[in-house]
Protein chains: 2
Amino acid sequence: MTLRLGTMQDWPLNVMRLVDHAEREHGDGEIVSAWADGNMTRTNWAEIAKKSRQMAKALTKLGVKQGDRVATLAMNHERHLISWYGAIGMGGVLHTINPRLFPEQLGYIGNHAEDRVLLYDAMMKPLVDAMREHWKTIEHYIVYDPPEGWKGDPSFEEWIGAEDDDFQWVDADERDPIGLCYTSGTTGNPKGVIYEHRSMVLHALAEVQPDCFDLAKRDCALPIVPMFHANAWGLPWAAPLVGCKMVLSADYSAKRMVDLFRDEKVTHSAGVPTIWIDMIKHIEETGDELGSLKKVTIGGSAAPRAMIKWFRARGIDISHAWGMTELSPIGSLGGKPNGWEEMSDEEQVDWIARQGRVPFGIEMRIVDDEGNVLPRDGKASGDLQVRGAWVIGKYFKADEPAIDADGWFSTGDVAALHPDGTMQITDRSKDVIKSGGEWISSIELENAALGVDGIAEAACIGIFHPKWDERPLLVCVKDGSCEVSGDAVVEGLKGQVAKWWLPDAVEFVDELPHTATGKLSKKTLREQFKDYSFEGVEAMTGRD
Amino acid sequence: MTLRLGTMQDWPLNVMRLVDHAEREHGDGEIVSAWADGNMTRTNWAEIAKKSRQMAKALTKLGVKQGDRVATLAMNHERHLISWYGAIGMGGVLHTINPRLFPEQLGYIGNHAEDRVLLYDAMMKPLVDAMREHWKTIEHYIVYDPPEGWKGDPSFEEWIGAEDDDFQWVDADERDPIGLCYTSGTTGNPKGVIYEHRSMVLHALAEVQPDCFDLAKRDCALPIVPMFHANAWGLPWAAPLVGCKMVLSADYSAKRMVDLFRDEKVTHSAGVPTIWIDMIKHIEETGDELGSLKKVTIGGSAAPRAMIKWFRARGIDISHAWGMTELSPIGSLGGKPNGWEEMSDEEQVDWIARQGRVPFGIEMRIVDDEGNVLPRDGKASGDLQVRGAWVIGKYFKADEPAIDADGWFSTGDVAALHPDGTMQITDRSKDVIKSGGEWISSIELENAALGVDGIAEAACIGIFHPKWDERPLLVCVKDGSCEVSGDAVVEGLKGQVAKWWLPDAVEFVDELPHTATGKLSKKTLREQFKDYSFEGVEAMTGRD
Ligand SMILES: Nc1ncnc2c1ncn2[C@@H]1O[C@H](COP(=O)(O)OP(=O)(O)OP(=O)(O)O)[C@@H](O)[C@H]1O
Ligand SMILES: Nc1ncnc2c1ncn2[C@@H]1O[C@H](COP(=O)(O)OP(=O)(O)OP(=O)(O)O)[C@@H](O)[C@H]1O
Ligand SMILES: [Mg+2]
Ligand SMILES: [Mg+2]
């Protein structure tokens, strides 16, 4: 109604205020970059802000206009961070490209985004050179870290070094676009998600909470999530909000990470399970330590129980996060429940293994195939829908909204909601195995298989079955620690899952296909096994 | 520019979403009320939300319209909380009245606010009865806790009990008014501040941060700050945001507080220094313990060093907050700096004794008399100005904005800003003593005087001086522990403050005047001493 009896101030939620805040209040807060060539550099929020203004000026000179897309193809480092702030500060829309996408996908998204400028790491040169002729709209290529004797695209530092920092951030509406990121293409062609000033500020405010990332000025955060996907889980916005130290690493090798944890006194880290698998292996082999690390957040795929236990055994507070590109990306996080101290060890692990609770700003519900809302009883599972302050409304360039009339966005995940407010992902809608009208969770079968001796990785897909429509096929990679057979795997699953969930067949492969963000690519796996059929369907081990 | 390439969702920042969130995600989170008569009641977020809908319906039936003021004159308890949510949920503007204001002030603000409904505690009946004829606009009086055999205004529970909870919160713009609170009248007539949905949601998001109140679901908060002033520091909005347990007490006696701390396992508390003075005295006398208390926030007036040390000695994380009615009220809070562990005990106390740092959402600067911005060097002190997402723009019914063209609000406080981002209040603009063109901080003199044996309380005001314009007069209350003279006090101040700051005279009184929020009332003190003059000004102990 906008009655104005008196007022509070107008103070738009603009992400550049986060940068201003960090410069003004936490100017000497450190940003450390661990470069791909092994070098380390150090700067601070004051310097980052200054260089961002220089870059904003340089982009303006190139003729980039408000709303134009400025792309990056780069790992995590301070120049990438400056580019986020500089591009957005001058009104550009920062498009982070995932270098692990397939060439066709890279071509598709570059043109779909109509990128005008591309900033890239020298190590990406072969990729960039291969794509140049396919990208129709990119006018300027700039390289972040040209090695000695580099000939080719201009160097970032020289380019921005030519400008002074006398620049005022462009005056933006809080609903103006700031960023563009494409989904990882697990279920189809990547779709573009546009972030806005307001949604990103609220996302940052939500995620620094004690029950989310729990970030304070005194902390040191090392995101092992790439800035090229899903906003590095928002940490490049959360860090200036609280003024903490941030370590950015272009290199994710386990050894480098462990060195950084120790040398930089990292307190907070976050990453997908595959990152931690490598790290755990490395630590088990070398006996290295985790330094001051006190909180680790795992998301992107389900964290296996064994991983949760490994961190707990080392006194590290481990939590699970769930999110997606369309959610900026944080949807739920594992802040502890009441009565935590009274829970048994197994109960605590069960709790962490779920995908956490929503922070204020996100709403969730589950619905059945007809759209009926299902109860939050921890038993019913259905399509997970979300709504909220940093949830997509419409995909980039889409004609139709991505949400229904009430604002609900269908995530494509299948989940159960527990009475204590926690959410548990049971599968992706496209991966769930529909057997005789009932659902088998491929994720639960995979997690259970990981508990069988000798199994390193497992993926489960539904295969056509004349009687039950679909039945599970489990595809495994051995870890070489011991002999293991298909029968042994099925034996190991018994008691862990319902009898009718047991896979009808187990196949072994040397490697499973992964997507650009390190997730199992069931789409590719299904293609690989498209002609597979169960032999002797009547005699199968499964449903009967 | 509102380019719409794609979008995030529309999700207004409406405080009723905090209530919905608590009901949905933290329905069984406890709210405990400790009533004035010694009784205790327990409810939870689900029940609070339901009753708030009932009350919203009841108010609508009374004919209250969007934007109308609904007043409360009550201590902290669940029914007061329900009234906040119920009144705002139906579109009303919740006006919390401070019962400790003088009758003239009470009459003035009730009429100025044009309150239509008043909800009050039975213990306020004498006050309400005395005011009825003066309040011209109040049509309905409702009593929260009528004792057995009560005859008079209807009972709250009966009134809302007549309604079901089938009510949809009114559709509000995020800039719509939700609350009204008058300042405590330290410097003149109370001024009305209007809060809005958006400002209050952002305030709540800011204050739950690790570097602010550090609130998580597992915590139990007991605000010892009244809901009738400055939004009880925002805690009734922060609690539903994180879903923590909250204890509301209508009784602030030290014994009751200590019992609650212990019995309810309170982890977080907040209050003004006078509250803690009583509590500390009680604990020293009885040997009572503080239970699970882990974090205490002190604000409203400067926390004395001795108080800071007392909490530290008990392993409690103690921080200082600064705020004002015009800031919803949080302006700065004492999240720890980098290098905390390396600081000496005295350095840590020095740090806590300052008023903290701004959270994201608040900007600060200090200016001199000509409006020139002063450096943040920890030395310069000047008028403190703020700007931000929950800072006043215009007082209730004012014709002119409360801020300058750049949005700066002059707080009336005098402060220094330190290079590490901390702010230090040195005085109020009206209280600072201007001696020969230089400023003497009355607060620093008072704090130093508290360190002299035998002094319980001290207030310092400027008295006309023919040569220096003003010189300090120190007015003290003895604590009876030992003999103390004016000379002894001056002697005790030496070395603690600059020589030219030493008061020209010390007077002893039995009691110092206080305002409705328990602060020293220098306004009244100045009236009491308006005819005072220094004798033998040439021979004074002060400036020379
Ligand atoms: N903690 C988690 N546990 C299980 N799955 C998770 C978790 N966090 C994220 N996910 C999965 O990741 C998805 C989001 O990933 P992302 O946005 O990177 O793209 P994608 O869904 O993999 O790609 P596309 O949408 O193009 O198929 C979620 O929908 C969910 O399936
Ligand atoms: N931590 C603190 N240290 C010192 N002073 C404080 C602190 N917190 C608050 N204050 C004082 O309290 C003031 C805010 O108080 P409040 O809004 O209750 O009304 P008031 O300023 O006392 O009344 P009025 O504005 O009517 O004179 C601040 O301006 C400041 O002077
Ligand atoms: Mg997806
Ligand atoms: Mg004031």
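All of these numbers come straight from a predicted model, not from anything done at the bench.

1. Re the UniProt feature "domain: AMP-dependent synthetase/ligase" (unreviewed entry) in chain A
Line of reasoning, step 1. The UniProt record marks residues 25-396 of chain A with the feature "domain: AMP-dependent synthetase/ligase" (unreviewed entry), using the residue numbering of this structure.
Line of reasoning, step 2. Taken end to end, residues 25-396 of chain A has its terminal C-alpha atoms 35 Å apart, with 31% of it in helix and 23% in strand.

2. Considerations on the domain arrangement of chain A
Many authors give the size of an interface as the accessible area that is lost as the parts come together.
Residue and element names in this part refer to chain A.
Line of reasoning, step 1. Annotation of chain A at the domain level lists domain 1 (15-417) and domain 2 (431-539).
Line of reasoning, step 2. Computed from C-alpha coordinates alone, the two centres of domain 1 and domain 2 are separated by 31 Å.
Line of reasoning, step 3. With 19 residues of domain 1 at the interface, the matching set in domain 2 holds 11 residues.
Line of reasoning, step 4. Connecting domain 1 to domain 2 are 0 salt bridges.

3. Details of the site of ligand 1
Residue and element names in this part refer to chain A.
Line of reasoning, step 1. Around ligand 1 lies a shell of 21 residues, among which Thr183, Thr186, Thr187, Asp413 and Lys519 are the nearest.
Line of reasoning, step 2. Between ligand 1 and histidine 320, the relevant distance is 3.3 Å, taken from a nitrogen atom to a side-chain nitrogen or oxygen of the residue.
Line of reasoning, step 3. Glutamine 355 places a polar side-chain atom, nitrogen or oxygen, 2.9 Å from a nitrogen atom of ligand 1.
Line of reasoning, step 4. Coverage of ligand 1 by the protein amounts to 96% of the 640 Å² it exposes when considered alone.
Line of reasoning, step 5. Residue contributions to the shell around ligand 1 peak at 4 residues, all from strand β14 (residues 317-323).
Line of reasoning, step 6. Of the residues that constitute the shell around ligand 1, the class distribution is 4 nonpolar, 13 polar and 4 charged.

4. Some thoughts on the site of ligand 2
Residues and elements named next belong to chain B.
Line of reasoning, step 1. The immediate surroundings of ligand 2 are formed by 21 residues, with Thr183, Thr186, Thr187, Asp413 and Lys519 found nearest.
Line of reasoning, step 2. Here an oxygen atom of ligand 2 and a side-chain polar atom of histidine 229 are 2.8 Å apart.
Line of reasoning, step 3. Between ligand 2 and the protein, one listed contact pairs an oxygen atom with a side-chain N or O atom of lysine 519 at 2.5 Å.
Line of reasoning, step 4. Contact with the protein chains hides 96% of the accessible area of ligand 2, taken as 640 Å² for the molecule alone.
Line of reasoning, step 5. The greatest single-element share of the shell around ligand 2, amounting to 4 residues, is contributed by strand β14 (residues 317-323).

5. Describing the interface of chain B and chain A
Line of reasoning, step 1. In this assembly, 80 residues from chain B lie in contact with 80 residues from chain A.
Line of reasoning, step 2. Across the chain B/chain A interface, buried area totals approximately 6,700 Å², and carbon plus sulfur atoms make up 56% of it.
Line of reasoning, step 3. When residues of chain B are sorted by the area they lose upon contact with chain A, Met8, Gln9 and Phe360 of chain B head the list and together hold 15% of the total.
Line of reasoning, step 4. Residues glutamate 363 of chain B and arginine 17 of chain A are paired through a salt bridge, measuring 3.6 Å at the closest nitrogen-oxygen approach.
Line of reasoning, step 5. At the boundary of chain B and chain A, one finds 28 residue pairs in polar contact (both at pLDDT 80 or more).
Line of reasoning, step 6. The class makeup of the residues in the side of chain B that touches chain A is 37 nonpolar, 17 polar and 26 charged.

6. Side note on the environment of lysine 51 of chain B
All names here are of chain B.
Line of reasoning, step 1. Looking at the secondary structure, you find lysine 51 in helix α2 (residues 45-61).
Line of reasoning, step 2. In the structure, lysine 51 is positioned 113 residues away from aspartate 164 in sequence and 8.6 Å away in space, judged by C-alpha atoms.
Line of reasoning, step 3. The contact partners of lysine 51, leaving out residues within four places of it in the chain, are Ile82, Glu157 and Ile160.
Line of reasoning, step 4. A polar contact is formed between the side chain of lysine 51 and the side chain of glutamate 157, at a distance of 3.0 Å.

7. Focus: the relation of the copies chain B and chain A
Line of reasoning, step 1. Overlaying chain B with chain A gives an RMSD of 0.1 Å, the required rotation being 180 degrees about an axis along which the chain moves by 0.1 Å. A rotation of that kind, with that shift, is consistent with a two-fold axis. When C-alpha distances to the rotation axis are compared across chain B, the minimum falls at glutamine 209 of chain B, with a value of 2.5 Å.
Line of reasoning, step 2. Of the residues that chain B buries at the interface, 100% are likewise interface residues in chain A, meaning the two copies contact each other through the same surface.

8. Some words on the environment of aspartate 20 of chain A
Residue and element names in this part refer to chain A.
Line of reasoning, step 1. By the secondary structure assignment, aspartate 20 is in helix α1 (residues 15-25).
Line of reasoning, step 2. C-alpha of aspartate 20 to C-alpha of lysine 50: the two residues are 30 residues apart in sequence and 9.9 Å apart in space.
Line of reasoning, step 3. Here tryptophan 169 takes part through its side chain, which lies 2.8 Å from a polar atom of the side chain of aspartate 20.

9. Observations regarding the pattern of salt bridges
Where charged atoms of side chains with opposite charge meet at close range, the side chains can pair.
Residue and element names in this part refer to chain A.
Line of reasoning, step 1. A complete count under the given rule lists 92 salt bridges over all chains for this structure.
Line of reasoning, step 2. Across the pair arginine 53 and glutamate 23 runs a salt bridge whose closest N-O atoms are separated by 2.9 Å. Taken as a pair, arginine 53 in helix α2 (residues 45-61) and glutamate 23 in helix α1 lie far apart in primary sequence, 30 residues in all.
Line of reasoning, step 3. Take arginine 53: its relative accessible area is 12%, and that puts it in the buried class.
Line of reasoning, step 4. Of the charged contacts in the structure, one is a salt bridge between lysine 522 and aspartate 431, with a shortest N-O distance of 3.9 Å. Residue lysine 522 is located in helix α15 (residues 522-528), and its partner aspartate 431 is located in the loop between β20 (423-428) and β21 (433-435); the two are separated by 91 residues in the primary sequence.
Line of reasoning, step 5. For aspartate 431, a relative accessible area of 8% puts it in the buried group.

10. So, the side chain of serine 33 of chain B
All names here are of chain B.
Line of reasoning, step 1. In this structure, serine 33 sits in strand β2 (residues 30-34).
Line of reasoning, step 2. A relative accessible area of 0% means that serine 33 is categorised as buried.
Line of reasoning, step 3. Once you skip the residues sitting within four places of it in the chain, serine 33 turns out to touch Asn39, Met40, Thr41, His77, Glu78 and Leu248.

11. Re the sheet that holds strand β4 (residues 69-73) of chain B
Sheets are built from strands that pair by backbone hydrogen bonding, the pairs being arranged parallel or antiparallel.
All names here are of chain B.
Line of reasoning, step 1. Strand order in the open sheet formed by 6 strands is β7-β6-β4-β5-β8-β9, with mixed pairing between adjacent strands. Only two strands of the sheet have a single neighbouring strand rather than two, namely β7 (140-143) and β9 (192-196). Direction aside, the axes of adjacent strands within the sheet are offset by 20 degrees on average.
Line of reasoning, step 2. As paired strands, β4 and strand β6 (residues 115-120) are joined by 5 bridges and run parallel to one another. Counted as the bridge partner of leucine 73 is tyrosine 120 from β6.
Line of reasoning, step 3. Against the sheet, helix α4 (residues 103-113) engages β4, β5 (93-96), β6 and β8 (177-182), with an angle of about 160 degrees to β8.

12. A closer look at the nonpolar core
Line of reasoning, step 1. Of all hydrophobic cores here, the largest spans 251 residues; its most connected members are Trp237, Trp276 and Phe311 of chain A together with Trp237, Trp276 and Phe311 of chain B.
Line of reasoning, step 2. In this structure, tryptophan 276 of chain A is in contact with Ile224, Phe261, Ser269, Ala270, Gly271, Val296, Thr297, Ile298, Met307 and Phe311 of chain A, ignoring residues within four places of it in sequence.

13. Structural notes on unusual backbone geometry
Line of reasoning, step 1. Cis geometry marks the peptide bond from serine 328 of chain A to proline 329 of chain A, where omega comes out at 10 degrees.
Line of reasoning, step 2. With respect to the helices, strands and loops of the structure, proline 329 of chain A is situated in the loop between β14 and β15 (330-333).
Line of reasoning, step 3. In this structure, tryptophan 233 of chain B takes a positive phi of about 55 degrees despite not being glycine.
Line of reasoning, step 4. Within the secondary structure, tryptophan 233 of chain B sits in the loop between β10 (220-223) and α8 (235-242).
Line of reasoning, step 5. Relative accessible area serves as the criterion here: at 9%, tryptophan 233 of chain B is assigned to the buried category.

14. Points about the packing of aromatic side chains
Line of reasoning, step 1. Within this structure, the stated rule accounts for 28 aromatic pairs over all chains.
Line of reasoning, step 2. Where tryptophan 11 of chain A meets phenylalanine 360 of chain B, the ring centres are 5.5 Å apart and the plane angle is 65 degrees; that geometry is what we call edge-to-face. Here phenylalanine 360 of chain B lies in the loop between α12 (345-353) and β16 (362-367) and tryptophan 11 of chain A lies in the loop between β1 (7-8) and α1, a pairing that spans two chains.
Line of reasoning, step 3. With a centroid separation of 6.4 Å and 35 degrees between ring planes, the pair formed by tryptophan 45 of chain A and tyrosine 85 of chain A is classed as tilted. You can see tryptophan 45 of chain A sitting in helix α2 and its partner tyrosine 85 of chain A sitting in helix α3 (residues 78-89), a full 40 residues away along the chain.
Line of reasoning, step 4. Taking relative accessible area as the criterion, tryptophan 45 of chain A reaches 1% and is therefore assigned buried.
Line of reasoning, step 5. In this structure, arginine 314 of chain A is placed above the aromatic ring of tryptophan 310 of chain A, and the distance from its NZ or CZ to the ring centre is 3.8 Å.
Line of reasoning, step 6. The ring of tyrosine 141 of chain B is capped by arginine 132 of chain B, whose NZ or CZ atom sits 4.5 Å from the centre of that ring.

Thresholds, definitions, all that
Each residue is numbered by its place in its chain's sequence as written, counting from 1. Each chain takes a letter, starting from A, and each ligand takes a number, starting from 1, following the order in which they are written. Per-residue local features are limited, in this predicted model, to residues with pLDDT of at least 70; the limit for side-chain atom pairs, both in listing and counting, is 80 or more; totals at the level of whole chains, interfaces and linings are taken over all residues. The basis for every side-chain value is the complete set of heavy atoms in the structure, and neither hydrogens nor water enter the calculation. UniProt positions are given in the numbering used here, feature names are shortened, and annotations may be inferred rather than shown by experiment. Strands here mean DSSP runs of E at least two residues long; helices mean DSSP runs of H or I at least four residues long; both are numbered from the N terminus. Residue ranges labeled as domains rest on an automatic or database domain assignment. Note on contacts: a residue pair is in contact if any heavy atoms of the two residues lie within 4.5 Å. By definition, a salt bridge exists where a carboxyl oxygen of Asp or Glu is found within 4 Å of a side-chain nitrogen of Lys or Arg. A single heavy atom is enough: if one lies within 4 Å of a molecule or strand, its residue is considered near that molecule or strand. Whenever a nitrogen or oxygen atom comes within 3.5 Å of another N or O atom, the pair is scored as a polar contact, on the condition that within protein one atom can donate a hydrogen and the other can accept it, and that pairs from neighbouring residues in sequence are kept only if both atoms are in side chains. In short, Shrake-Rupley with a 1.4 Å probe defines the accessible areas, and a residue's cover is counted only from the protein chains shown. Each residue gets one label: Ala, Val, Leu, Ile, Met, Phe, Trp, Tyr, Cys and Pro are nonpolar, Asp, Glu, Lys and Arg are charged, and the others, such as Gly, are polar. What counts as buried area is the accessible surface, traced by a 1.4 Å probe, that two parts surrender upon association, with contributions from both included. Here the copies were fitted onto each other by least squares, based on C-alpha atoms from residues at pLDDT of at least 70 in both. Think of it in three bands: residues with accessible area under 20% of the maximum for their type are buried, residues over 50% are exposed, and the middle band is partly exposed, with areas taken using a 1.4 Å probe on protein chains only. What makes two strands pair is DSSP finding at least two bridges between them. Lines fitted to C-alpha atoms define the axes, with helix axes restricted to the stretch in contact, and inter-axis angles between N-to-C directions lie between 0 and 180 degrees. As used in this record, nonpolar core signifies buried Ala, Val, Leu, Ile, Met, Phe, Trp, Tyr and Cys residues forming a set joined through side-chain atoms within 4.5 Å. Think of it this way: a Phe, Tyr or Trp ring, Trp meaning its six-membered ring, pairs with another when their centres are within 6.5 Å, and the plane angle makes it stacked under 30 degrees, edge-to-face over 60, tilted otherwise. In this scheme, the term charge over a ring applies when either NZ of a lysine or CZ of an arginine sits within 6 Å of the ring centre and within 35 degrees of the ring normal.

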